[in-house]
Amino acid sequence: MKKDIHPKYYPQATIRCACGQTFTIGATAAELRVEVCSHCHPFYTNKEKFMDTAGRIEKFKTRRVKAESAKASRKVSSRPKASSAKKETK
């Protein structure tokens, strides 16, 4: 194994989460800061965070109705067809 190519290993590295939880683990940095840990992640805590899905669905439905009405109005007010009679030139 080559010498001096591996980073220094810290067996008692401190991990600090945004939720305030701290714990120690072996790492290549003395201190790590993370945004989510097993104490605050919804998968581990079994506390789901629901988004405003009802609002999203309602927005989608209104856009769909608006698009369908615009499509129907385009069919009703179609351009007049060009006359099939050719102009005669003398």
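Analysis parameters
Residues numbered from 1 in each chain as written. Predicted model: local features only at pLDDT ≥ 70, side-chain atom pairs only at ≥ 80, totals over all residues. Heavy atoms only, no water. Pairing = 2+ DSSP bridges. Helix = DSSP H or I, 4+ residues; strand = E, 2+ residues; numbered from the N terminus. Axes fitted to C-alpha atoms, helices over the stretch in contact; angles between N-to-C directions. Contact = heavy atoms within 4.5 Å. Buried < 20%, exposed > 50% of the residue type's maximum accessible area, 1.4 Å probe, protein only. Salt bridge = Lys/Arg side-chain N within 4 Å of Asp/Glu carboxyl O.

Colleague: Got a minute to help me understand the sheet that holds strand S1 (residues 10-17) in this structure?
Modeller: Consider a sheet: its strands pair through backbone hydrogen bonds, and that pairing is either parallel or antiparallel. Pairing is mixed in the open sheet, where three strands are placed in the order S2-S1-S3. Every other strand in the sheet has two partners, leaving strand S2 (22-27) and strand S3 (31-34) as the edge strands with one partner each. Ignoring which end each strand starts from, the neighbouring axes of this sheet average 35 degrees apart. As judged from the five bridges shared by S1 and S2, these two strands associate in the antiparallel manner. If you follow Arg-16 over to S2, its bridge partner there is Thr-22.

Colleague: What am I meant to see in the environment of Phe-23 here?
Modeller: As for its position among the elements, Phe-23 is in strand S2. Spatially, the C-alpha atom of Phe-23 lies 8.4 Å from that of Ala-13, the residues being ten residues apart in sequence. Beyond its immediate chain neighbours, meaning those up to four positions away, Phe-23 contacts Ala-13, Thr-14, Ile-15 and Cys-37.

Colleague: What should I look at first to understand unusual backbone geometry in this one?
Modeller: With the exception of glycine, the majority of residues adopt a negative phi angle, and the majority of peptide bonds are in the trans configuration. Located in the positive-phi region is Asp-4, a residue other than glycine, with phi close to 60 degrees. Along the chain, Asp-4 turns up in the segment before S1. Residue class for Asp-4 comes out exposed when judged on its relative accessible area of 80%.

Colleague: Whenever I open this one, the pattern of salt bridges confuses me. Can you help?
Modeller: When charged atoms on two side chains of opposite charge get close, those side chains can pair. For the coordinates displayed, the defined rule picks out three salt bridges. With a shortest N-O distance of 2.7 Å, Glu-31 and Arg-16 are connected by a salt bridge. Taken together, the positions of Glu-31 in strand S3 and Arg-16 in strand S1 put the pair 15 residues apart, joining distant regions of the chain. On the accessibility criterion, Glu-31 (37% relative accessible area) is partly exposed. The residue Glu-68 makes a salt bridge to Arg-64 at a minimum N-O spacing of 3.5 Å. Pair noted here: Glu-68 and Arg-64 are both in helix H2 (residues 53-76), with a separation of four residues, about one helical turn. Among the residues examined, Glu-68 registers a relative accessible area of 47% and is labelled partly exposed. Salt bridges sharing common partners tie together Arg-16, Glu-31 and Arg-33.

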